[in-house]
Protein chains: 2
Amino acid sequence: MGLDALSLGLRTQKSVALRCCVVQETRLDTARIRAARTAIDPIFLDTPLYRCEALEPVLGCTVSIKLETANPVRSFKARGTEVVASQLADNGPRAVVCASAGNLGQALAWSGRSRGLDVTVVASRSASAAKLDRIRALDAKLELVDGDIEVARERAAALALDGGIRLVEDSLDIETCEGAATIGLELVDTVPSFDAVLIALGGGALATGVGHVVKALAPDVEVICVQPLGAPATTYSWRQRRVVTTDSMDTIADGVAGRRPIPEVLDDLLLVADDAVLVQEASIIAGMGMLLDHAGLVAEPSAALGIAAILEDRDRFAGRHVVTIVCGSNVDPDAYHRWVGAARIHTS
Amino acid sequence: MGLDALSLGLRTQKSVALRCCVVQETRLDTARIRAARTAIDPIFLDTPLYRCEALEPVLGCTVSIKLETANPVRSFKARGTEVVASQLADNGPRAVVCASAGNLGQALAWSGRSRGLDVTVVASRSASAAKLDRIRALDAKLELVDGDIEVARERAAALALDGGIRLVEDSLDIETCEGAATIGLELVDTVPSFDAVLIALGGGALATGVGHVVKALAPDVEVICVQPLGAPATTYSWRQRRVVTTDSMDTIADGVAGRRPIPEVLDDLLLVADDAVLVQEASIIAGMGMLLDHAGLVAEPSAALGIAAILEDRDRFAGRHVVTIVCGSNVDPDAYHRWVGAARIHTS
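The structure presented is a predicted model; accordingly, all values stated were derived computationally and were not measured.

### Description of the packing of aromatic side chains
Residue and element names in this part refer to chain A.
Right, on to step 1. Applying the stated criterion to the full structure yields two aromatic pairs over all chains.
Right, on to step 2. Each ring, one from F44 and one from W110, has its centre 4.9 Å from the other, and the planes form 90°; the classification is edge-to-face. Here the residue F44 occupies a position in the loop between α2 (30-37) and β1 (49-51), and W110 occupies one in helix α5 (residues 103-113), the gap between them amounting to 66 residues.
Right, on to step 3. The buried category is assigned to F44, whose relative accessible area is 1%.

Right, here's the structure in full:
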């Protein structure tokens, strides 16, 4: 072995050692994530993962879609609520409450209903009407608050304290991260050769969950989080390595909109994310339009963040193989038609 | 055992015996269909099957979706072309030709490209531009003819004869039926308790394939084929128990439009279909709109036939559990936006 090869070998070993060390420091554990899979209704697992060549000429890179919308709640969130609800059904209180922009609430309502749990969802009065309708239809109690998701979080915590019922806190409760992380297992098991994964960043369950698994099992894959410029708190926090809050938000990507990152989640994110980027609203709308017209997929704004990130920085991704997680499709039809109509006018 | 019970038992046995007899007479064989699964890239198998409660209030029945659009060719057709192409790759000519309205051609191009086959697709000059673009992008030779799919079928047959290359005839070639039939295996394996399956009817591969498996393994499930009133040849043939051709067609459901049913396929269809119904164009458009707005799914017109059938006869399905196969999502964006826009105006 020549000196260069030896040196390279040493560097590689050191790099692997460092990475293992890094991964062990997150709150997540790959064995626990594998165990979490067994608690999840198979209807939410092993979702489609496929290359979408029709998107590639305009994006300039190889694009694979991980599709989390073809299930009874039209988002990835049930992976986490299935873990929570199965634990409660086995051994816990029969009542559970969460704050939600809509997808977590819908998923918890679905998982709770099938296990006879008493589910309460607290949401903003301005949340997506379609999401709120689905929560009601799934037999959950719905309490609406004036204010945004942060106000809803406070109200949910108060309800839990007063009633002695289980509070599910998205991204803080490890089950929500472990459920999301099962997507990571499916990514690394079936597509070993992609270069980067684009993950919608909100509270951080999806990013830390998938990021943990990818860094543990496919460490050369770049983990890139994408957040709207109009709701940048977690990205600012990641960049400054400390919690940064914002006073307001302005984005159509309701599913990832938050103002107060959770310290424990940020700590995990700092270990698994290679980058966090911010995208403009116009790019999110363009991404939704492209997913509809070129891929035949309905994406809610949060689910188009990955495409938006490619659109804003084609050079970065040129010639690489990128996986983007299409994480939800719950849209208000009127707003959706407006958005994709605007995307068509803009690109025609 | 009382007389009534004995009598019922005898009737049941007789019914089962008759059904087994019936199933054995089709050209399909369940063991061969199970074997066909092994030839198909797993990316096309085990597609999402889930209840879509948001559709139910307006349809008045329990609705499950079998989704065949979340794959690289956005339709179920690759299940069949994978079987054909894997046989050719193992032991056959390296060149293959088919006529197609677009989905079969796209699927054959995909399956052929991954196995190094030389694929030619013959299509009508008036076929969906999006489908033709995808065929070209998948490196297939594309020959356009003046006239409809029946003219394209004649031309493909001539090319095959002249060039000594393999002609793939949709629905006649047993591999196309066996591939489609693997959907049936997934239906009966995972949802044992549904009451009816709604299947788009064109040439008949999907209907005879799925119908064979359902009648063999879940004989109490009603197999209902759905065709547009504007392209009714196969339905007329099924009803009259003889091949009925038509001189023209007028439907937006390009994927199921044909004028000359194939006798061998009709024979199979007569054995496995419990009913064949015709639906209006307005119902197809309404079905596409409902799938988009209530289920977040893009369906091409042929894939909305099942919803159209429920819309036209709610009483028939009231309270029952119906599975509809959403068999493709390849639409021209401009036409699609027109259609779903029209559906919204109509229902608002």
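### Examining empty space enclosed by the protein
Residue and element names in this part refer to chain B.
Right, on to step 1. Across all of its chains, the model carries seven cavities of 30 Å³ or more by this definition.
Right, on to step 2. Taken together, 41 residues line the largest cavity, and the ones lying closest to its centre are K77, D170, G202, G203 and G255.
Right, on to step 3. Breaking the lining of the largest cavity down by element, the ones donating at least two residues are α5 (103-113), α7 (149-163), β6 (166-168), α9 (205-217) and α10 (233-240).
Right, on to step 4. Counting residues per element, the lining of the largest cavity draws most heavily on α7, at four residues.

### Quick look at the interface of chain B and chain A
Right, on to step 1. Listed by partner, the interface residues are 29 residues for chain B and 29 residues for chain A.
Right, on to step 2. Summed over both partners, the interface of chain B with chain A buries about 2,200 Å², with 53% contributed by carbon and sulfur atoms.
Right, on to step 3. By the criterion of area lost to chain A, the three top residues of chain B are B:E53, B:H337 and B:R344, representing 22% of everything that side buries.
Right, on to step 4. Here chain B is connected to chain A by four salt bridges.
Right, on to step 5. Residue B:R113 is joined to A:E53 by a salt bridge in which the shortest nitrogen-to-oxygen separation is 2.5 Å.
Right, on to step 6. The interface formed by chain B and chain A includes nine residue pairs in polar contact (both at pLDDT 80 or more).
Right, on to step 7. It is helix α15 (residues 333-347) of chain B that contributes the most residues to the side of chain B that touches chain A, six residues altogether.
Right, on to step 8. Classifying every residue of the side of chain B that touches chain A gives 17 nonpolar, four polar and eight charged.

### What about unusual backbone geometry?
Right, on to step 1. Even without a glycine there, the phi angle at A:D139 is positive, about 70°.
Right, on to step 2. Within the secondary structure, A:D139 sits in the loop between α6 (129-137) and β5 (141-145).

### A look at the nonpolar core
Right, on to step 1. A:L55, A:V197, B:L55 and B:V197 are the most contacted members of the largest nonpolar core, which has 162 residues in total.
Right, on to step 2. The contact partners of B:L55, leaving out residues within four places of it in the chain, are B:V63, B:I65, B:M290, B:L291, B:H294, B:A295 and B:I307.

### Comments concerning the sheet that holds strand β9 (residues 275-279) of chain B
All names here are of chain B.
Right, on to step 1. Read from one edge to the other, the open sheet built from six strands follows the order β1-β2-β10-β7-β8-β9, with strand pairing classed as mixed. Of all the strands in the sheet, the pair left with one neighbour each is β1 (49-51) and β9. Between one strand axis and the next, the sheet turns by 25° as a mean value, whatever way the strands run.
Right, on to step 2. Bridging between strand β7 (residues 196-200) and strand β8 (residues 222-228) involves five bridges; their strand directions are parallel. Paired with L198 across the bridge in β8 is I224.

### Considering the packing of α2(A) against helix α9 (residues 205-217) of chain A
Two quantities define a packed helix pair, namely the angle between the axes and the distance from one axis to the other.
Residue and element names in this part refer to chain A.
Right, on to step 1. Orientation of α2 relative to α9, taken along the N-to-C sense of each, is 120°, at an axis distance of 10 Å. Comparing their axes, α9 and α2 come out oblique. In the packing of α2 onto α9, the handedness of the crossing is left-handed. Packed against α2, whose contacting residues are T30, I33 and R34, the element α9 presents H212, V213, A216 and L217 at the interface.
Right, on to step 2. In terms of residue class, the contact of α2 with α9 is built from four nonpolar, two polar and one charged.

### A few points about the pattern of salt bridges
Right, on to step 1. Scanning all chains against the criterion turns up 56 salt bridges over all chains.
Right, on to step 2. Sharing partners across several salt bridges, the network here consists of A:R37, A:D46, A:K66, A:E68, A:R79 and A:E186.

### Looking at the state of the cysteines
All names here are of chain A.
Right, on to step 1. Scanning all chains against the criterion turns up zero disulfides over all chains.
Right, on to step 2. Looking at the unpaired C52, the closest cysteine sulfur is the one in C61, lying at 11 Å.
Right, on to step 3. Classification of C52 by relative accessible area gives buried; the value is 7%.

### Brief notes about the relation of the copies chain B and chain A
Right, on to step 1. Rotating chain B by 180° about the axis while translating it 0.0 Å along that axis superimposes it on chain A, leaving an RMSD of 0.0 Å. In short, the pair behaves as if placed about a two-fold rotation axis.
Right, on to step 2. Looking at the interface residues of chain B, 100% of them are also at the interface in chain A, so both copies use one shared face.

### Remarks on helix α7 (residues 149-163) of chain A
Residues and elements named next belong to chain A.
Right, on to step 1. A rise of 1.5 Å per residue sets the reference length of α7, with its 15 residues, at 21 Å; its end C-alpha atoms lie 21 Å apart and thus fit the reference within 8%.
Right, on to step 2. Taken together, the buried positions of α7 are occupied by I149, E150, A152, A156, L159 and A160.
Right, on to step 3. Turning to α7, the residues buried within the fold contact β3 (95-99), β4 (118-124), β5 and β6 (166-168).
Right, on to step 4. Count one or two residues on from α7 and you reach G164, which has phi positive near 60°.

### Remarks on the pairing of strand β2 (residues 62-67) of chain A
All names here are of chain A.
Right, on to step 1. With six of six residues buried, β2 lies mostly within the body of the structure.
Right, on to step 2. Of the two faces of β2, the one holding T62, S64 and K66 and the one holding V63, I65 and L67 are both buried throughout.
Right, on to step 3. Direction of pairing for β1 relative to β2: antiparallel, over a ladder of three bridges. Residue pairing for β2: L49 is matched across the bridge by K66.

### Concerning the packing of α2(A) against helix α8 (residues 174-190) of chain A
All names here are of chain A.
Right, on to step 1. Two numbers describe how α2 lies on α8: the axes approach to 8 Å, and their chain directions differ by 90°. Taken together, α2 and α8 sit at an angle that is classed as roughly perpendicular. Of α8, the residues touching α2 (which contributes T30, R32, I33, R34, A36 and R37) are I174, E178, A181, T182, L185, E186 and D189.
Right, on to step 2. In terms of residue class, the contact of α2 with α8 is built from five nonpolar, two polar and six charged.

### Description of the pairing of strand β10 (residues 321-326) of chain B
Residue and element names in this part refer to chain B.
Right, on to step 1. Of all six residues that make up β10, six are buried, and the element is covered over most of its length.
Right, on to step 2. Burial along β10 is two-sided: H321, V323 and I325 and V322, T324 and V326, pointing in opposite directions, are all buried.
Right, on to step 3. For strand β2 (residues 62-67) and β10, the ladder comprises six bridges, and the chain directions are parallel. The partner of K66 across the bridge, within β10, is I325.
Right, on to step 4. Both β7 and β10 contribute to a ladder of three bridges, which runs parallel. Bridging from a neighbouring strand, L198 pairs with T324 of β10.

### What to know about the sheet that holds β4(A)
Residue and element names in this part refer to chain A.
Right, on to step 1. Within the open sheet, the four strands sit side by side as β5-β4-β3-β6. Their pairing is parallel. Only two strands of the sheet have a single partner each, and these edge strands are β5 and β6. If you compare each strand with its neighbour and ignore which way they point, the axes differ by 20° on average.
Right, on to step 2. By the bridge criterion, three bridges tie β3 to β6 in an arrangement that is parallel. Pairing of V97 across the sheet is with L167, part of β6.

What counts, and where the lines are drawn
Residues numbered from 1 in each chain as written. Chains lettered and ligands numbered in written order. Predicted model: local features only at pLDDT ≥ 70, side-chain atom pairs only at ≥ 80, totals over all residues. Heavy atoms only, no water. Phe/Tyr/Trp six-rings, centres within 6.5 Å; stacked < 30°, edge-to-face > 60°. Helix = DSSP H or I, 4+ residues; strand = E, 2+ residues; numbered from the N terminus. Buried < 20%, exposed > 50% of the residue type's maximum accessible area, 1.4 Å probe, protein only. 1 Å grid on protein atoms, 1.4 Å probe; cavity = no way out; pocket = protein on both sides within 12 Å on 5 of 7 lines; lining within 4 Å. Points joined across faces, edges and corners; volume = space filled by probe spheres on them. Contact = heavy atoms within 4.5 Å. Buried area = accessible area lost by both parts, 1.4 Å probe. Salt bridge = Lys/Arg side-chain N within 4 Å of Asp/Glu carboxyl O. Polar contact = N/O pair within 3.5 Å; in protein donor to acceptor, adjacent residues only side chain to side chain. Nonpolar A, V, L, I, M, F, W, Y, C, P; charged D, E, K, R; others polar. Core = buried A, V, L, I, M, F, W, Y, C linked by side-chain atoms within 4.5 Å. Pairing = 2+ DSSP bridges. Axes fitted to C-alpha atoms, helices over the stretch in contact; angles between N-to-C directions. Parallel < 35°, antiparallel > 145°, perpendicular 65-115°, else oblique. Left-handed = near helix turned anticlockwise from the far one by under 90°. Disulfide = S-S within 2.5 Å. Least-squares fit on C-alpha atoms with pLDDT ≥ 70 in both. Expected span 1.5 Å × (residues − 1).

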